[in-house]
Amino acid sequence: MRRTVEGLKRVGLVFCFALAVNAVTAAQQTPHHAAAAPAAASQLTAAEALSRYEQLLKAATDASQKFYLTNKIVPTALAADEKEKAKTYALSLLEQAASMRNNWNYGNAVHIGNIVLGQLALDAGDVAEARRLLLEAGKTPGSPQLNSFGPNMMLAKELLSKGEKETVIEYLNLCAKFWLMHNGKLDIWKAAAAKGETPDFGPSLNAHLTLWRFENWDKLKT
């Protein structure tokens, strides 16, 4: 009798585990906004998103709210090819960051502000300034997002294409101080860069940029 009961317990545990695995798999296959956004909702263009962010920023009165929104506007303006706005907002973001060191978003602001300014400098042909700004981006103390998903590699890739491997390796070493969960990626990228090769940066090319360009506006939290 005891063996029968123990056997049933084991079967029950296996059944519960199977249900849990199925539930997790289903959740992973469900689009991120599927539950919150209407099925017919269409994604905004970068220009439309920029306009909405600017409206929200204009109406914002709280300093932390303005900080958060500016952080979103910077890559959105870059995506909309509004280079002057991207530069103006990036400079504003870094200026705000100076008084927001205890804010959870501080590390993101330092990273994104410098990455975008560096990209704009490179677009203008100023490689030296782009190098400097890449390293400034790497000096971020990190954030919940950066610590988990790592740094953006857009500017690093473009500088590698111009032969700036020493700068990129230094940037990767800086990023290792906050991205402890890189699972060997930084080492692989550094090895490739040292050989003059361009690593496969995968999603890191858009990290913390594309995710902030578009929002479910009805659910936007600041």
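Residues numbered from 1 in each chain as written. Predicted model: local features only at pLDDT ≥ 70, side-chain atom pairs only at ≥ 80, totals over all residues. Heavy atoms only, no water.

Re helix H5 (residues 106–123)
Phase 1: The end-to-end C-alpha distance of H5 is 26 Å, a good match for the 26 Å that 18 residues give at a rise of 1.5 Å each.
Phase 2: Following H5 by one or two positions, Gly125 adopts a phi angle in the positive range, close to 90 degrees. (Helix = DSSP H or I, 4+ residues; strand = E, 2+ residues; numbered from the N terminus. Expected span 1.5 Å × (residues − 1).)

Looking at helix H6 (residues 127–138)
Phase 1: If you check H6, its first and last C-alpha atoms are 17 Å apart, about what 12 residues at 1.5 Å a residue would give, namely 16 Å.
Phase 2: When H6 is considered as a whole, its buried residues turn out to be Ala130, Leu133, Leu134, Leu135, Ala137 and Gly138.
Phase 3: Elements that come into contact with the buried residues of H6 comprise H5, helix H8 (154–160) and helix H9 (165–175). (Buried < 20%, exposed > 50% of the residue type's maximum accessible area, 1.4 Å probe, protein only. Contact = heavy atoms within 4.5 Å.)

Topic: the layout of surface pockets
Phase 1: Each pocket or cavity is described by its volume, and for the second largest pocket that value is around 160 Å³.
Phase 2: Lining the second largest pocket are Lys83, Glu84, Lys87, Leu117, Leu120, Ala121, Asp123, Glu129 and Leu133.
Phase 3: Breaking the lining of the second largest pocket down by element, the ones donating at least two residues are helix H4 (83–97), H5 and H6.
Phase 4: The biggest single contributor to the lining of the second largest pocket is H5, with 4 residues.
Phase 5: Residues of the lining of the second largest pocket, tallied by class, amount to 4 nonpolar, no polar and 5 charged. (1 Å grid on protein atoms, 1.4 Å probe; cavity = no way out; pocket = protein on both sides within 12 Å on 5 of 7 lines; lining within 4 Å. Points joined across faces, edges and corners; volume = space filled by probe spheres on them. Nonpolar A, V, L, I, M, F, W, Y, C, P; charged D, E, K, R; others polar.)

Considering the pattern of salt bridges
Phase 1: Under the definition given, this model contains 5 salt bridges.
Phase 2: Between Lys83 and Asp123 there is a salt bridge, and its shortest N-O distance comes to 3.8 Å. Taken together, the residues Lys83 in helix H4 and Asp123 in helix H5 connect sequence positions 40 residues apart.
Phase 3: The class for Lys83 is partly exposed, based on a relative accessible area of 39%.
Phase 4: One salt bridge connects Arg132 with Glu129, and the closest N-O pair in it is separated by 2.8 Å. Residue Arg132 and its partner Glu129 are located together in helix H6, separated by 3 residues, close to a single helical turn. (Salt bridge = Lys/Arg side-chain N within 4 Å of Asp/Glu carboxyl O.)

What to know about the side chain of Thr167
Phase 1: Assignment of secondary structure puts Thr167 in helix H9.
Phase 2: Since its relative accessible area comes to 10%, Thr167 is described here as buried.
Phase 3: Beyond its immediate stretch of four places on either side in the chain, Thr167 contacts Arg131, Leu134 and Leu135.

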